[in-house]
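Report on the structure
What follows is the residue order along each chain.
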Amino acid sequence: MSEAATIVAEAARQENVTRILDCAERLFRHYGYGKTNVADIARELGMSPANIYRFFASKVEIHQAVCGRMLGASYKMAYEISRLPISAEERLRRYVHAQYKMTMEVMLDDQKVHEMVIVALERDWGVIDKHVDSIHDLFAEIIRDGIEAGEFRKQDPVIASRCFGAATVILCHPQMVAQCLAKTNRAMPDDLVDYAIKALK
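Residues numbered from 1 in each chain as written. Predicted model: local features only at pLDDT ≥ 70, side-chain atom pairs only at ≥ 80, totals over all residues. Heavy atoms only, no water.

With that out of the way, let us pick up the pattern of salt bridges. With the rule as written, the count across this model stands at 11 salt bridges. A salt bridge links Glu25 to Arg29, with the nearest nitrogen and oxygen atoms 3.0 Å apart. Pair noted here: Glu25 and Arg29 are both in helix 1 (residues 3-31), with a separation of four residues, about one helical turn. A residue is classified by how much of its surface remains accessible, and Glu25, at 15% relative accessible area, is buried. Exposure remark for Arg29: the relative accessible area of 30% places this residue in the partly exposed category. (Salt bridge = Lys/Arg side-chain N within 4 Å of Asp/Glu carboxyl O. Helix = DSSP H or I, 4+ residues; strand = E, 2+ residues; numbered from the N terminus. Buried < 20%, exposed > 50% of the residue type's maximum accessible area, 1.4 Å probe, protein only.)

Our focus in this paragraph is the nonpolar core. It is characteristic of soluble globular proteins that their nonpolar side chains tend to be buried jointly. Counting 24 residues, the largest nonpolar core has Leu92, Tyr95, Ile143, Phe152, Phe164 and Leu200 as its most contacted members. When contributions to this core are tallied by element, the ones reaching two or more residues are helix 4 (59-82), helix 5 (88-108), helix 7 (126-149), helix 8 (157-168) and helix 10 (189-198). If one sorts the elements of this core by residue count, helix 7 sits on top with six residues. In this structure, Phe164 is in contact with Leu92, Val96, Phe139, Ala196, Ile197 and Leu200, ignoring residues within four places of it in sequence. Val17, Leu45, Phe56 and Met116 belong to the second largest nonpolar core, which has 22 residues in total. (Core = buried A, V, L, I, M, F, W, Y, C linked by side-chain atoms within 4.5 Å. Contact = heavy atoms within 4.5 Å.)

What follows is about the packing of helix 4 against helix 7. Closest axis-to-axis distance for the helix 4/helix 7 pair is 10 Å, and the angle between their directions is 0°. It follows from the interaxial angle that helix 4 and helix 7 lie roughly parallel. Along the contact surface, helix 4 presents Gly68, Leu71, Ser74, Tyr75, Ala78, Tyr79 and Ser82, while helix 7 presents Val127, Ile128, His131, Ser134, Ile135, Leu138 and Ile142. In the contact of helix 4 with helix 7, the residues fall into nine nonpolar, five polar and no charged. (Axes fitted to C-alpha atoms, helices over the stretch in contact; angles between N-to-C directions. Parallel < 35°, antiparallel > 145°, perpendicular 65-115°, else oblique. Nonpolar A, V, L, I, M, F, W, Y, C, P; charged D, E, K, R; others polar.)

On to the UniProt feature "DNA-binding region" (unreviewed entry) in the chain. Summarizing the sequence annotation, UniProt attributes the feature "DNA-binding region" (unreviewed entry) to residues 37-56 in the numbering used throughout. Taken end to end, residues 37-56 is 65% helix and 0% strand, and its first and last C-alpha atoms sit 13 Å apart. (UniProt positions renumbered as here; feature names shortened; annotations may be inferred.)

Glancing now at the environment of Ser48. Looking at the secondary structure, you find Ser48 in the loop between helix 2 (38-45) and helix 3 (49-53). Separated by 10 residues in sequence, Ser48 and Val38 place their C-alpha atoms 9.4 Å apart.

Laid out in structure tokens, this is it:
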């Protein structure tokens, strides 16, 4: 196969993958992850289930890819905030508040999306660990900037990034956010972020 033909074939494959994931996410959101199967996705697309399996080995693999896209949107937001021309402290503050808002709006307001996320968390997929590592890497860059600018005390940015992530995870983890919404004896978002940032100084 020529290089041009290979490029065309890959583009066609990617188009089919995108169509499948778009459809799967739409059905997961509408009917719920547990009530949607590969046959439903195939029927919605006018394909045979066998055709779906040419691109994904199972419903679980489709779910992993859908979750990967959702996490990709979260990372994109974090990356853009990390590159803003503002102080390191303000970048950290903005990210945590933005992620908390995203978790509330996208993952909790839609219970079907919440179900998808909970299944992914319970299965402890590697895609989630990779996302956490990527966010910690951004935290470390920001903290390193803060140390160099004199905003934060001298410390290991990698260790500090993991500690900052652990201190604020209650505002970013869907299950924790959901469990704390109705509680009156939990730290408020602003107070928690202030506390975590003060630990860096």
